[in-house]
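# Analysis of the macromolecular model
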Amino acid sequence: MPRAPSVLAATVTDEGVPERYAERPALDRSDLGPRLSDAVDRIDDNVDQFYDQFPGPSSEDLVYQPTDNMDGWTTSFWTGQFWLAHEVTGRERFRDAAETQLRTFERRLEEGSVTTHDLGFLYTLSAVAGYEVTGDDRHRETAVAAADHLIDRFWDAPGLIQAWGDPDRPEEDEWVHGRMIVDTMMNLPLLFWASEATGEDAYAAIAETHARTNAEHVVRPDGSTFHTFQCDVESGEPLGGETHQGYANDSCWARGQAWAVYGYALAAEYANESAYADLAAKLANYYLHRVEADHVPRWDFDAPDDDEMRDTSAAAIAACGLVQLASVLPAADDRADRYRNAALAMLDSLGEHYAADPERSNGLLTDAAYNRGEGDYDECCIWGDYFYVEGLVRATESWRRYW
Ligand code: GLY
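Figured I'd write up the structure that's included with this text. (Residues numbered from 1 in each chain as written. Predicted model: local features only at pLDDT ≥ 70, side-chain atom pairs only at ≥ 80, totals over all residues. Heavy atoms only, no water.)

What follows concerns the environment of Gly-120. Looking at the secondary structure, you find Gly-120 in helix H5 (residues 119-134). Through-space distance from the C-alpha of Gly-120 to that of Leu-188 is 6.5 Å; in sequence the pair is 68 residues apart. Setting aside chain neighbours within four positions, we find Gly-120 in contact with Leu-150, Asn-187 and Leu-190. (Helix = DSSP H or I, 4+ residues; strand = E, 2+ residues; numbered from the N terminus. Contact = heavy atoms within 4.5 Å.)

Now the structure itself:
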């Protein structure tokens, strides 16, 4: 069993919240309400094309191409936008589209790929959101079934959820066997939710253990994160960290850091554990000290100086994570306002500098980097678009989170 959250959080350096976020940004020129309306209009424009199909993970020349829902990790970020648009507008058109897409998530559990930690992303924004918005028990059952697949990926000795591959078939890919990744922190809410929905503690116990193991191995003492970390599944012995989408094994991939901030801020609320909030704050502070002047990070904080490539999707995730983090800090903690200020600055910059041109693109945000190393960058990414809309909803509406 990994060490207690308070002990783990205490081992991590805290750089403090940068002074630049002490002031609330002036948003007079770029009020976020109209930005949300624009985003909802863009979602509306795309309903017909992506009704029972889905935009791919990232665009091609800024245009998303259709894909089905039998594999991959990103389809729910489109369904999630439908749920948000339905909640914001009350329009049945968006709910109908989301309900239609839910059928493909049900079918995937029977016929498609479920051998992935991404079941959290996939079923939180589709089935959990659907249940929370409509109260339909069919969606609740779908979400619990997905959580059941997710806990099958848990290795007891190291105390982690294997990210990729089939845990029962190590011979297929030794590299993925017993490998955890920082992104999984955002797949844990499905398990915390499943415990609340069913009254079964086992889901949350696995989520908590994974969160601790992640804090022990994936979080580094300086407040940065590895992208991936492998452990021996029999002995639990830590084998070491490596990157998959970042610049180098010892670098800090900006999106991974954002996943960790948001993931621990959510774990803090579900587990009622202030040490997770402390850890999220230290991770956030590392991020905020390295983000660029326009509040959007380069794709990796340690990429070479001449590599200016941004990842707007990291900024959108971070903005949502910081608002969640502010909500779990004690009322008198003055870091909360600074995190809200930072989130507003990020959302403002995304809308001001990185909004896709509707004449050229069916996405919302440009300059997302799915996988810089493999040449997939400078495009729209469907999760970046989702978190941008979630961030605008969080900033302008009273909203009950899906995570
Ligand atoms: N979860 C995969 C990614 O962030 O690219």
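Describing an aromatic ring pair means giving the distance of the ring centres and the angle of the ring planes. The full count for this structure, using the stated rule, is 30 aromatic pairs. Aromatic side chains Trp-73 and Phe-77 sit 5.7 Å apart centroid to centroid with 85° between the ring planes, which places their arrangement in the edge-to-face category. Classification of Trp-73 as buried rests on a relative accessible area of 14%. Judged by its relative accessible area of 0%, Phe-77 is buried. With a centroid separation of 4.9 Å and 55° between ring planes, the pair formed by Phe-121 and Trp-259 is classed as tilted. With Phe-121 in helix H5 and Trp-259 in helix H9 (residues 254-271), this pair connects stretches of sequence that are 138 residues apart. The same class applies to Phe-121 as to Trp-259, namely buried. Sitting over the face of the ring of Trp-175, Arg-179 holds its NZ or CZ atom 3.7 Å from the ring centroid. Over the aromatic face of Tyr-270 sits the side chain of Arg-401, whose NZ or CZ is 4.6 Å from the ring centroid. (Phe/Tyr/Trp six-rings, centres within 6.5 Å; stacked < 30°, edge-to-face > 60°. Buried < 20%, exposed > 50% of the residue type's maximum accessible area, 1.4 Å probe, protein only. Lys NZ or Arg CZ within 6 Å of the ring centre and 35° of its normal.)

Time to look at the pairing of strand E6 (residues 228-231). The two faces of E6 match: Thr-228 and Gln-230 on one face and Phe-229 and Cys-231 on the other face are all buried. The pairing of strand E5 (residues 179-181) with E6 spans three bridges and is classified as antiparallel. When the bridges of E6 are listed, Met-180 appears paired with Phe-229. The pairing of E6 with strand E7 (residues 238-242) spans four bridges and is antiparallel. Within E7, the residue paired with Phe-229 across the bridge is Gly-241. (Pairing = 2+ DSSP bridges.)

Evaluated as defined, the whole model comprises two cavities of 30 Å³ or more. As a volume, the largest cavity reaches approximately 60 Å³. Those elements that provide at least two residues to the lining of the largest cavity are helix H2 (32-46), helix H3 (76-89) and helix H13 (382-396). Here the lining of the largest cavity takes three residues from H2, the largest share from any one element. Residue composition of the lining of the largest cavity, by class: seven nonpolar, four polar and two charged. Reported here for the second largest cavity is a volume of approximately 30 Å³. In terms of lining residues, the second largest cavity is bounded by Val-261, Ala-284, Tyr-287, Leu-288, Ala-318 and Leu-322. Those elements that place two or more of their residues in the lining of the second largest cavity are helix H10 (274-290) and helix H11 (312-328). Top contributing element to the lining of the second largest cavity by residue count: H10, with three residues. (1 Å grid on protein atoms, 1.4 Å probe; cavity = no way out; pocket = protein on both sides within 12 Å on 5 of 7 lines; lining within 4 Å. Points joined across faces, edges and corners; volume = space filled by probe spheres on them. Nonpolar A, V, L, I, M, F, W, Y, C, P; charged D, E, K, R; others polar.)

For H9, with 18 residues, the first-to-last C-alpha span of 26 Å sits near the 26 Å given by 1.5 Å per residue. The buried count for H9 comes to 16 of 18 residues, which makes it a mostly enclosed element. At the exit of H9 stands Asn-272, carrying a positive phi of roughly 50°. (Expected span 1.5 Å × (residues − 1).)

Okay, the sheet that holds E7 next. Strands pair in a sheet through their backbones, by hydrogen bonds, and they do so in one of two ways: parallel or antiparallel. Ordered by their spatial adjacency, three strands build an open sheet running E5-E6-E7, and the pairing between neighbours is antiparallel. The outermost strands of the open sheet, each flanked by one partner alone, are E5 and E7. Sheet twist, expressed as the average angle between the axes of neighbouring strands with direction ignored, equals 20°. (Axes fitted to C-alpha atoms, helices over the stretch in contact; angles between N-to-C directions.)

Quick look at the pattern of salt bridges now. Scanning the model with the defined rule gives 24 salt bridges in all. A salt bridge links Glu-99 to Arg-95; the shortest N-O distance between them is 3.4 Å. With Glu-99 and Arg-95 both in helix H4 (residues 92-111), this residue pair falls four residues apart, about one helical turn. By relative accessible area, Arg-95 is classed as partly exposed at 28%. The residue Asp-307 makes a salt bridge to Arg-372 at a minimum N-O spacing of 3.2 Å. Of this pair, Asp-307 sits in the loop between H10 and H11 while Arg-372 sits in the loop between helix H12 (335-353) and H13, placing them 65 residues apart in sequence. (Salt bridge = Lys/Arg side-chain N within 4 Å of Asp/Glu carboxyl O.)

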